Amino acid sequence: GAVVSQHPSWVICKSGTSVKIECRSLDFQATTMFWYRQFPKQSLMLMATSNEGSKATYEQGVEKDKFLINHASLTLSTLTVTSAHPEDSSFYICSARVHSSTEAFFGQGTRLTVV
Amino acid sequence: GENVEQHPSTLSVQEGDSAVIKCTYSDSASNYFPWYKQELGKRPQLIIDIRSNVGEKKDQRIAVTLNKTAKHFSLHITETQPEDSAVYFCAADTGRRALTFGSGTRLQVQP
């Protein structure tokens, strides 16, 4: 199957700082990528849809100024958590679908801990 | 938008027994229904999927059934093994947007 790589796999940051997470499609071009957040023992909740060359589409309740998404190329989308707070601590995971295919491929996920 | 409900939230079975997880969806336009297995701290891994033009699909010990009229689909795992222990998520979509996931089922297979 297709490969989606996410980096870093874990990060610890101080409250008030910003953290950038990268999501790359290694062997296919992804015009659309998806960002999810997963709290412990909970499901994956869609945060936003990242569109190459245009603005991301955010789900209701997700602050676009806090979770900045950039999708500057067909193989890279980034999520920046700005002014992070302890309640932002979570497992962030990206996903992409190959054109004309329905299967979704996931990155390894990033465990963010804000102290 | 789509809403997916999943039951049970936890399931404990003896090794060798069968396990069944059920999901319902709300959007009649959904036509793609994957099942993912997620181990602690890892990414979800696709284990089986089914499209709306098929009623049942099987892959070795894993099978999925779909009832479009009732808008529900189920995952069946036979001859369960300890390594099947994980969290399982169902999902639904039209194939063009992000997947909508169920709440997850924590399966524990007792040796």
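Use the structure listed above.
All of the points below concern the structure found in this document. Keep in mind that this is a model prediction, so the values were computed, not measured.

Considerations on the overall build of chain A
Scanning chain A from terminus to terminus reveals 0 helices and 11 strands. By principal-axis analysis of the C-alpha atoms, chain A measures approximately 40 × 25 × 20 Å. Scored against the burial criterion, the 115 residues of chain A give a buried share of 50%. Long-range contacts, defined here as pairs at least 24 residues apart, represent 52% of the contacts in chain A between residues at least 6 apart. Total accessible area computed for chain A in this model is approximately 5800 Å², and 52% of it derives from carbon and sulfur atoms. One finds the centroid of the 10 positive side-chain charges in chain A at a distance of 5 Å from the centroid of its 9 negative side-chain charges.

Brief notes about the sheet that holds strand β1 (residues 4–7) of chain B
Residue and element names in this part refer to chain B. Spatially, 5 strands are ordered β1-β3-β8-β7-β6 in an open sheet, and the strand pairing comes out antiparallel. The two strands at the open ends of the sheet, each matched to only one other strand, are β1 and β6 (56–59). In this sheet, neighbouring strand axes are inclined to one another by 15° on average, regardless of whether the strands run parallel or antiparallel. Note that β6 and strand β7 (residues 62–67) share 4 bridges and pair antiparallel. Across the sheet, residue Asp-59 finds its bridge partner in β7, namely Ile-62.

Things to note about the sheet that holds strand β8 (residues 76–81) of chain A
All names here are of chain A. Strand order in the open sheet made by the 4 strands is β1-β3-β8-β7, with antiparallel pairing throughout. Each having just a single partner strand, β1 (4–7) and β7 (67–73) make up the two edges of the open sheet. Neighbour-to-neighbour, the strand axes of the sheet open up by a mean angle of 15°, direction not taken into account. Sheet topology note: the strand β3 (residues 19–25)/β8 ladder contains 6 bridges and is antiparallel. Bridged to Lys-20 within β8 is Thr-80.

The rules behind each value
Residues numbered from 1 in each chain as written. Chains lettered and ligands numbered in written order. Predicted model: local features only at pLDDT ≥ 70, side-chain atom pairs only at ≥ 80, totals over all residues. Heavy atoms only, no water. Helix = DSSP H or I, 4+ residues; strand = E, 2+ residues; numbered from the N terminus. Buried < 20%, exposed > 50% of the residue type's maximum accessible area, 1.4 Å probe, protein only. Contact = heavy atoms within 4.5 Å. Areas by Shrake-Rupley, 256 points an atom, 1.4 Å probe, with all protein chains shown as cover. Lys, Arg positive; Asp, Glu negative; His and termini not counted. Charge placed at Lys NZ, Arg CZ, Asp CG, Glu CD. Pairing = 2+ DSSP bridges. Axes fitted to C-alpha atoms, helices over the stretch in contact; angles between N-to-C directions.

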